[in-house]
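# Fold and contact review
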Amino acid sequence: MCVIQRLIAGLSLLLLAGCGSLPAGMAPVERFDLERYSGTWYEVIRLENRFERGLSRVTAQYTVQSDGSVRVLNRGYADADSVWKEASGKAKFAGASTEGRLKVSFFGPFYAPYIVFDLDAVDYQYAFVSGGERTLWLLARTPTVDDALIERFLAAAARFGYALDELVYVEHGPL
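Since this is a predicted model, take the numbers as computed values, not measurements.

### Describing unusual backbone geometry
One non-glycine residue with positive phi stands out, namely Arg-31, at about 60 degrees. Within the secondary structure, Arg-31 is located in the loop between helix 1 (3–16) and helix 2 (34–37).

Put into structure tokens, the structure is as follows:
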């Protein structure tokens, strides 16, 4: 099985595992603008998960399509194998197009939640994203963020019951 197929298979298993329920009290941001959200995001911190284990330099590229859906391209470097891995998927709104509640699929008709629950409303420079109780990300337009933002993210993660000891600080250094 090629690297991309393994990555997609791993993502599919996660989607099929029923990771869709959100932590109690979590709500998507309102006044969400998909056009402003599109583009490249760096994964700064993530809750460790099977489909990203061992990956560094992880980015997500979101491209709005003419039908209003989003092309998703996730890319990361597998340090152990010294190769880049990619997974391509699609996302679409799961509710109103003005709130940060989307659903994403990397495999056929199976979708997982993608909830933007905190967002830099001025410049769209950072986003706190949940994919359910077992997935969590701090995304930013740059590979590094200031300590104050990290502390806010950690506080939010703790408030929603995520395991802080399972968080991974993603490396973005040179190859």
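### Let's talk about the environment of Val-104
Turning to its location among the elements, Val-104 is positioned in strand 5 (residues 101–107). Distance in space between the C-alpha atoms of Val-104 and Ala-94 is 9.3 Å, their sequence separation being 10 residues.

### Here we look at the confidence of the model for the protein
Looking at the protein, the pLDDT average stands at 89 and 88% of residues meet or exceed 70. This model gives residues 1–19 a pLDDT under 50, and the stretch forms 35 contacts once residues within four places in sequence are excluded.

### Some points on the packing of aromatic side chains
Going through the model one piece at a time under the given rule, you end up with 12 aromatic pairs. Taking 6.4 Å as the distance between ring centres and 80 degrees as the angle between the ring planes, the aromatic pair formed by Tyr-37 and Tyr-114 counts as edge-to-face. Placement of Tyr-37 in helix 2 and of Tyr-114 in strand 6 (residues 110–119) is noted, with a sequence separation of 77 residues between them. A ring pair is formed by Tyr-77 and Trp-84, whose centres lie 5.1 Å apart and whose planes are at 70 degrees; its orientation type is edge-to-face. We classify Tyr-77 as buried; its relative accessible area is 13%.

### With respect to the pattern of salt bridges
Counting across every chain of the model gives seven salt bridges. With a shortest N-O distance of 3.4 Å, Asp-79 and Arg-57 are connected by a salt bridge. Separated by 22 residues along the polypeptide, Asp-79 in the loop between strand 3 (70–78) and strand 4 (83–93) and Arg-57 in strand 2 (residues 55–64) bring together distant segments of the chain. Residue classification places Asp-79 among the partly exposed residues on the basis of a relative accessible area of 40%. Salt bridges linked by common partners bring Glu-43, Arg-46, Glu-48 and Arg-53 together as one network.

What counts, and at which threshold
Residues numbered from 1 in each chain as written. Predicted model: local features only at pLDDT ≥ 70, side-chain atom pairs only at ≥ 80, totals over all residues. Heavy atoms only, no water. Helix = DSSP H or I, 4+ residues; strand = E, 2+ residues; numbered from the N terminus. pLDDT = per-residue confidence, 0-100. Contact = heavy atoms within 4.5 Å. Phe/Tyr/Trp six-rings, centres within 6.5 Å; stacked < 30°, edge-to-face > 60°. Buried < 20%, exposed > 50% of the residue type's maximum accessible area, 1.4 Å probe, protein only. Salt bridge = Lys/Arg side-chain N within 4 Å of Asp/Glu carboxyl O.

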